[in-house]
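# Structural overview
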Amino acid sequence: MNKSTLTLGALVPLAFLAGYYLTSSGPAAPVYTAEISYGGGAAVGGNAKKSVLNSMPTGTVHAVKDGQLIMDAVKAAKPGDVIQVWPGNYTETVYIDKDNIRLSGVIVEGKRPRLFGDGHLNDAILYSGNNIVIENFLITKYKGNGIMGQAGNNFEIRNNIIEDTGVYGIFPQLGENGIVEHNVVSGIEDAAIYIGMSDHIHVANNEVFDSVAGIEIENSRHAIVENNFVHNNTGGILAFVTPGLPIKDTVDVIIRNNWISTNNTKNFGAEGSMVAGIPAGTGVLIMAADKVIIEDNLILGNKTAGIIITDHQNAPNTTLDPESDPTPDEIMILNNLMYNNGYDTITEAKVLLTTELKQGNPDILRVGASNGSCINNPQQYISAGVSDWPACAFSNTDTIVNYLLDEPAAPRSVDVEDKGKYAYLGICTGCHAYTGRLIGPPVQVIQSLYMDDPQALAAYIANPVKKREDYPAMPKQDYLDEETRQAVALYMLSVKN
Amino acid sequence: MTNPDNKQMNADGLSRRQALLWIGKAAGSAAMLQAATLLGLVAAPVAAQAEPVKLKPLTTGRKTVLILGAGISGLVAAYELGKAGYQCKILEASHRAGGRNFTIRHGDFIDELGNPQFCNFDKDPDLYFNAGPARIPAHHTAILHYCREFGVEMQLFCNHNKNCYTQDDKAFGGKAVRIREYEADTRGFFSELMAKSIQSQAKLDAPFDQIDRQKLIEFCRAYGDLSSDFTYEGSERAGYQSGGILSPGVLKTPRALADLLQSDFWAGAMHFGELSDQSAALMTPVGGMDKIVDAFLSRLPGTVQLKAQVQKVQVVPQGVEVSYWLDGQLQVEQADYCLNCIPAQLMAGIENNFPADYVGVMRQLQRGKLSKIALQAKERFWEKEQIYSGISWTSQDITQIWYPSHGMFKAKGILLGAYSWDPAISDRFSAMTNQQRIATAIAQGSKLHPDYAKYIEQGNSICWQRMNHMLGCGAVWSEELLKTSFATLQAPVGSHYMVGDQVSYHPGWQEGAVRSAWHAMESIQQRELQKQRQEAV
Amino acid sequence: MKFWLFGCLLVAVSIQAETFQQNSQYCLVCHGSKAQGNVAISAPNLAILPDWYLTAQLRAFQSDWRGHQSTDAYSKEMMAVAKSMSPEEIKRAIDFITTFQVSKTVETLDGDISHGKALFQTCAACHGASAEGNQSLGAPPLAGQYSWYLLRQLQAYRSGQRGNAEQDSKGAVMKQIASSLNSEQDLNDIVAYINTLALPSTDVKN
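Described in the following lines is the structure provided in the data block.

Let's shift gears to helix α5 (residues 113-127) of chain C. For α5 of chain C, with 15 residues, the first-to-last C-alpha span of 18 Å runs short of the 21 Å given by 1.5 Å per residue. Among the 15 residues that make up α5 of chain C, 11 are buried, leaving the element largely enclosed by the rest of the structure. Residues of α5 of chain C that are buried: Gly 116, Ala 118, Leu 119, Phe 120, Gln 121, Thr 122, Cys 123, Ala 124, Ala 125, Cys 126 and His 127 of chain C. Elements in contact with the buried residues of α5 of chain C: α6 (443-450) of chain A together with α7 (169-179) and α8 (184-196) of chain C. Once α5 of chain C ends, the next one or two residues include Gly 128 of chain C, with phi positive near 90 degrees.

Laid out in C-alpha cells, this is it:
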C-alpha cells in the first residue's frame with residue numbers, strides 16, 4: 001500500500017517546486033537550468049520521465065512585461081525561442097503556430113502572469129505548433145479554453161492555475177506524446193483537463209475541482225492518469241469514447257493513485273451536451289473505453305457511485321456511431337480504496353442492486369455489456385454488474401512507468417492538403433462530433449447547412465453568429481489564416497464520419 | 001372460397017379483388033359492397049325497412065333541432081321534423097344547399113380547394129351534368145318516396161347501352177369495340193363451349209344428372225345464339241356487318257375468344273349493369289338531380305343558414321351546443337337535438353366532447369375519392385354513332401364516358417368525359433388543374449371517338465375529395481371497421497346523432513342518406529314518446 | 001374580423017362573386033377547427049407552428065418547392081390552395097391561425113424511444129433539444145406535430161419529393177439529414193421519441 005501513501009504526498013500542488021527562483025533585482029532573464037521539472041510517475045525513481053522534448057531551448061529569450069502583448073513576442077519569436085512572461089495582467093488570446101516555443105511565466109514572490117479573458121475572450125492560449133511548453137500562468141475568465149492544443153505533438157503543460165474558464169481548462173486535442181502535470185484547474189463547464197483524440201499522454205499531479213468533469217480521457221490511446229487530486233466535480237475521472245469523432249476508440253488507459261473524492265457537484269454542463277448526462281456523484285466513469293486499469297485510487301464520498309462502467313446505449317445524450325464499438329471491454333479493477341460512495345444514488349442503481357439481491361450503497365456499477373473485464377478482491381466493494389467478472393491475472397502496473405515515447409513524435413504534415421484535415425481534427429472536433437451533440441451542433445448538420453458552399457462556412461468560422469438558443473456561442477476562429485479557414489471548411493464538408 | 005383474403009386468380013391473372021375494383025364504387029362503396037356480396041366476400045347486409053318514416057306530431061312542448069349540413073339527409077330531417085312540429089335550423093358551411101346532390105349548369109361555382117371553377121356551359125336547361133348522384137334505382141324507395149311526394153318529374157336513365165364502346169389498350173389493338181359485339185361474342189363462345197361439353201359426355205354427372213339434357217343444350221343455344229350444330233358463328237345481337245333492312249343482314253365475323261379475354265371488360269364492367277343498384281330501369285329527375293333539393297328547399301323556407309361553418313360541437317345536459325362561424329363572427333346556439341351530417345372526416349377535426357371511440361371511428365373513415373369531368377360538345381356526334389345515352393368503358397384513367405339520357409337531337413350536349421372512383425386514378429386527376437383534367441379527358445376519349453377533340457368546346461371537373469367543406473365522396477368503410485364500429489357511429493351520443501349516407505351500408509347513395517335520417521328521427525321520436533309517458537305518469 | 005378569401009376572387013368572373021364565402025375559415029376546413037390538424041384529412045397541426053414557418057411553407061408550396069414533385073396527393077392539395085392565395089391573404093390567414101392555442105391529440109406510436117432519442121441528437125442541433133424549433137435556422141417546432149405527418153415528411157425528404165428544389169436551401173438541409181438515416185425503423189424511432197416531448201409553450205410560438 002505504499003503507493004497510496006505516495007499519492008497522498010503528491011496531492012499538495014507542488015507549484016512552487018516547479019517555478020523559477022528569481023532574485024528581487026528585477027526582470028533580468030533567469031538562468032536556464034535543465035530539468036526544471038520532472039514528469040511525475042508511479043515510480044519516483046531514476047527512470048521517471050522528465051520531459052518529452054529532446055533538447056532545451058537554444059534561441060532568444062523574449063521578455064514580455066505587464067502592459068505589453070504576449071502575442072507580439074510570439075509573432076517575433078523563432079522556433080527554439082523562449083517567451084518569458086512577467087507578472088501582470090494580459091487580456092489577450094495567445095496563438096502559437098510555430099514549433100519549439102517555450103511560453104514560460106515568471107513567478108515573482110508568488111505573483112504569476114495573469115491571462116484574463118474578461119468574460120468575453122474565448123481562449124487564453126492556443127497552440128498548433130509542435131514541441132511547445134506552457135507553464136506558470138494564471139488563467140481566468142475566458143469563455144472557451146484555458147490552454148488548447150490543436151494537433152501539436154510533444155507538449156508539456158505544467159504548473160498553471162486555471163480558474164473559472166469556459167468549457168475546457170487544459171485541452172490538448174490530437175496531440176501525441178504530452179505531459180499535463182502540476183496544474184490546478186477549477187470552475188470549468190465541461191472538463192477541467194480534457195485529453196482529446198491524443199496518444200501517449202501523461203496526466204499527473206494535478207488538482208481539479210469544481211468542474212463538471214475533472215479529468216477526461218476521450219478517444220485517446222495510451223494514457224496514464226496518476227497522482228491527481230480530483231474532488232468536488234460532477235464526475236471525477238472519465239475515460240470515454242465519444243461517438244461521432246474521427247478517432248473511434250479509447251484504449252490502454254491507466255487510472256492510478258488518484259484521490260477521487262466527493263465529486264458531488266450539481267451538473268452545470270450545457271444542456272444536451274454529453275457531459276450534462278453525467279450524474280452528480282460519479283467518481284470514475286468508463287464509457288465504451290477498452291483496456292482501462294483502475295488501480296490504487298482512493299475513491300471516497302461520491303454519492304452516486306465510485307466507479308460507473310457503461311456502454312453507449314445506456315448513457316444519456318449519446319448518439320450512435322456504427323464505427324465506434326459501444327461496449328467497454330477489458331476493464332480491469334485492481335485494488336482501490338473505496339469508501340462511503342453511492343449513498344444518494346440514482347434509481348437505476350438501486351434497481352440493479354436489487355436484481356442481484358444486494359443492499360447498500362454502490363461503489364461500482366456496471367450497466368450494459370462488457371467483455372473480458374476483471375476485478376480483484378470484489379468482495380471489498382458493494383457492486384452491481386461485476387459479480388461475474390473473474391479476478392485479474394495481475395495485481396499492479398508497476399512495470400509501466402509511463403506511456404510516453406522515447407523519442408519525440410514527428411510533427412504532423414503541414415502540406416496544404418493536410419492543413420484542413422489537422423485544423424479540423426485539432427480544432428473543430430473539440431466541439432463538433434460528426435453526429436450528436438458535443439458542444440456545438442453535429443458536423444452532419446453543418447454539412448447539410450453549407451453543403452456546397454465552403455466559402456460561406458469559412459466566413460462563418462471567422463465570424464460566427466449565435467443561432468441556437470440552447471448552444472453556447474461559437475468562438476471566432478479568426479486567428480486561423482484565410483487559407484486554413486478555407487481548407488478546414490472544405491475538409492469539414494467532405495468528412496464522412 | 002375457403003379463404004376470401006387469398007387472391008384467387010381468374011383466367012387472365014385478374015384477382016377477384018381487382019375485379020371488384022373494376023366494378024368498383026361506381027356510385028359509392030355500396031356498389032363495391034354489393035359486388036363483394038355477389039362474389040361471396042362478405043355477408044349480405046340486412047335490407048332496410050321499406051316503410052317511410054311517419055313522425056307523430058310533437059306533444060312534449062317546444063323542441064329545437066340543429067341540423068349540421070344541408071345535404072339530402074339534413075333536408076329530409078328538417079322536412080320531417082318540421083312537419084311533426086320540431087323547430088329546425090340547418091347550418092350549412094358552403095354557399096349552397098344539396099351537399100353532393102349537385103347539378104352543375106351555366107354560372108355555377110365549383111368550390112374545389114385551390115382549384116375553384118365557374119361553369120361556363122352555354123345557358124341552356126339541357127346543358128348540365130350531375131356531379132354527384134345521377135341515377136336512382138327502383139328499389140331506392142326512400143328517395144323515390146320524396147320524388148313522388150314532391151312531384152319531381154322523372155325520366156329514365158340509361159346505364160347499359162349495347163351500342164356504347166369498350167376500349168382496352170390490351171385488346172383489339174387498342175381499338176374501341178361496341179359492347180353488343182363484345183357481349184354477343186363472349187356469350188356465344190361460352191355457350192358453344194358449354195353445349196359441346198354437354199354433348200360430348202355420355203352421361204351427365206351430378207348435379208346435372210337429373211336435368212333434361214336436351215333442355216340444357218337448348219338453353220345454351222338460346223343464351224349464346226348458337227347455330228343448329230351448336231356452334232357460334234356470329235349473331236345479329238352483335239349488329240350486322242351490313243344490310244338487314246332492305247337487303248339480307250350480313251353477320252359480323254366473331255372476334256377470337258383469345259382477343260376478347262385480353263380485354264378486362266369481362267372482369268367487371270360487362271356485368272356492371274347487372275348490379276342491383278345499377279340495372280335498368282334507372283331513373284333521374286328531369287332537368288337535373290338537384291330538382292329534389294329544390295323541392296325540399298321550397299318546403300323549408302328560412303330554415304337553411306348558408307356559409308355557417310361549424311367550429312365546435314358540445315354535448316351538454318340540455319342537449320347540444322354548437323358554435324359556428326358566420327360572417328367572421330363566432331355564434332353559439334343550443335338545441336334539444338342535433339343531427340350532424342358533417343362528413344365524418346371533417347368532424348374528426350372539429351372540436352367536440354364526444355367519447356373517444358366515437359371520434360375514433362370518424363378518424364378511421366377514409367375520404368372517398370371520386371372524380372368526374374364534364375365536357376360540352378358543340379355537336380351530339382355520338383348520335384351519329386347510334387349512341388343515345390349509356391356508358392362507354394375504357395381501361396384508361398377516364399374509365400367511363402357517359403352520353404346524356406336527355407336532350408336527344410338538340411344541338412349541343414354535355415358528356416361525362418371521365419368518371420373515376422379508383423382512388424389512385426382520382427388522385428392523379430385531383431393533382432391536375434381544371435385545364436389539365438379536360439385535356440386529359442379529351443386525349444383519352446379520343447381513343448373511343450377519333451374526332452373527339454374537334455367537338456369539345458369546354459369542360460368542368462369535380463374531384464370530390466377536394467371539394468370545400470366535404471373533402472370526400474361517400475365514406476369508405478373497411479369491411480373490418482363496418483363490422484366493429486358501424487353501430488358505434490350510428491348510436492347517438494346524448495342528443496347528438498351522426499347521420500348521412502356515411503352512417504349507412506349504402507354510402508354514396510341518396511338512399512343511404514334518407515334512411516340514415518329516418519333512423520335517427522325514429523330514435524328521437526322514441527325518446528319524446530318516452531318523455532310523454534313519463535310526464536303522464 | 002374578415003379572414004382570407006379565395007385567391008381566385010381576383011381572376012374570377014365578377015358576376016358570381018356572391019357565391020364566394022367571404023368570411024370562410026378556410027384553413028380550418030382541413031386543418032381542424034383549432035388548427036390542430038386532422039388525421040382523417042391528413043392535415044398537419046398548424047397551431048404549433050410559428051408565423052415565420054407558416055409563411056415560409058406557403059411560399060414553398062407557391063414556388064413549387066413543396067408538392068410539385070410529390071406523389072403524395074395531400075401535398076398537391078395544399079400546393080393548389082397555396083397557389084390560389086395572394087400575399088395579403090397569406091398574411092391574414094397566418095394572423096388567424098396563430099391566434100389558436102397550441103394543442104395536440106395524444107397518439108401512441110410503436111417505436112424504440114431510447115434509440116429515437118439517441119438519433120434525435122442530430123435533429124436537436126437545429127430543431128432544439130425539446131423540438132421547440134429555431135427561427136434563425138428556419139427549423140420548425142416538431143413537438144406536438146402528428147407522428148404520421150412527421151413520418152411522411154421524413155420519407156418525402158428521403159425520397160427527394162421534398163427538399164429537392166434548387167432554391168429551397170432549408171429543404172435541402174433536411175433532405176440531406178433525412179437521407180443519412182439508415183432505415184424506416186430509424187425514422188419511426190425518431191418520431192416515436194418526438195411524440196414523447198412536451199408541447200412547446202405558447203410564448204415560444206409567438
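So much for the structure itself; the text now carries on.
Before going further, it helps to spend a moment on the interface of chain C and chain B. Listed per partner, the contact involves 37 residues of chain C and 35 residues of chain B. A combined buried area of about 3000 Å² lies between chain C and chain B, and 58% of that area is made up of carbon and sulfur atoms. Inspection of the chain C/chain B interface yields 2 salt bridges. Measuring nitrogen to oxygen at the nearest pair gives 2.7 Å for the salt bridge that ties Arg 367 of chain B to Glu 77 of chain C. For the side of chain C that touches chain B, the secondary-structure elements that each account for two or more residues are α1 (26-31) and α3 (73-83) of chain C.

We now examine the state of the cysteines. Under the definition given, this model contains 1 disulfide over all chains. For Cys 374 of chain A, the disulfide goes to Cys 392 of chain A, at an S-S distance of 2.0 Å. Measuring handedness by torsion sign, the sulfur bridge of Cys 374 of chain A and Cys 392 of chain A sits at about 100 degrees and is right-handed. Taken together, the positions of Cys 374 of chain A in strand β32 (residues 374-375) and Cys 392 of chain A in the loop between β33 (383-384) and α5 (416-426) put the pair 18 residues apart, joining distant regions of the chain. In this structure Cys 374 of chain A comes out as buried when scored by relative accessible area, which is 8%. Not engaged in a disulfide, the cysteine Cys 158 of chain B finds its nearest cysteine sulfur in Cys 164 of chain B; these two sulfurs lie 6.8 Å apart.

Cis geometry marks the peptide bond from Ala 280 of chain B to Ala 281 of chain B; its omega dihedral reads 0 degrees. Structurally, the position occupied by Ala 281 of chain B is in the loop between α7 (257-262) and β13 (282-285). Of note in the backbone geometry, Asn 205 of chain A takes a positive phi value of approximately 60 degrees without being a glycine. For Asn 205 of chain A, the location among the structural elements is in the loop between β17 (199-204) and β18 (207-209). With relative accessibility at 5%, the residue Asn 205 of chain A sits in the buried group. For Asp 327 of chain B, which is not glycine, the phi dihedral falls at a positive 50 degrees. Inspection of the secondary structure assignment puts Asp 327 of chain B in the loop between β16 (319-326) and β17 (329-335). Taking the relative accessible area as the measure of exposure, Asp 327 of chain B reaches 55% and is therefore exposed.

All right, on to the sheet that holds strand β14 (residues 176-181) of chain A then. Residues and elements named next belong to chain A. Here 12 strands make up an open sheet; going across it, the order is β1-β2-β5-β8-β11-β14-β17-β20-β23-β26-β29-β32 and the pairing parallel. Strands at the two margins of the open sheet, each flanked by one partner only, are β1 (61-64) and β32. Pairing of β14 with β17 involves 5 bridges; the strand directions are parallel. Its bridge partner being in β17, Glu 176 is matched across the sheet by Asp 199.

Attention now goes to the pattern of salt bridges. Residues and elements named next belong to chain B. A complete count under the given rule lists 42 salt bridges over all chains for this structure. In this structure, the salt-bridge partner of Lys 412 is Asp 122, at a minimum N-O distance of 2.6 Å. Of this pair, Lys 412 sits in the loop between β23 (400-403) and β24 (413-420) while Asp 122 sits in the loop between β5 (117-118) and β6 (129-130); the two residues are 290 residues apart in sequence, bridging distant segments of the chain. We classify Lys 412 as partly exposed; its relative accessible area is 22%. Among the salt bridges present, the one from Lys 447 reaches Asp 169, with a minimum N-O distance of 3.1 Å. Residue Lys 447 is found in the loop between α13 (434-445) and α14 (452-455), and its partner Asp 169 is found in the loop between β9 (165-167) and β10 (177-178); the two are separated by 278 residues along the sequence.

So, how was this worked out
- Residues numbered from 1 in each chain as written.
- Chains lettered and ligands numbered in written order.
- Predicted model: local features only at pLDDT ≥ 70, side-chain atom pairs only at ≥ 80, totals over all residues.
- Heavy atoms only, no water.
- Helix = DSSP H or I, 4+ residues; strand = E, 2+ residues; numbered from the N terminus.
- Expected span 1.5 Å × (residues − 1).
- Buried < 20%, exposed > 50% of the residue type's maximum accessible area, 1.4 Å probe, protein only.
- Contact = heavy atoms within 4.5 Å.
- Buried area = accessible area lost by both parts, 1.4 Å probe.
- Salt bridge = Lys/Arg side-chain N within 4 Å of Asp/Glu carboxyl O.
- Disulfide = S-S within 2.5 Å.
- Pairing = 2+ DSSP bridges.

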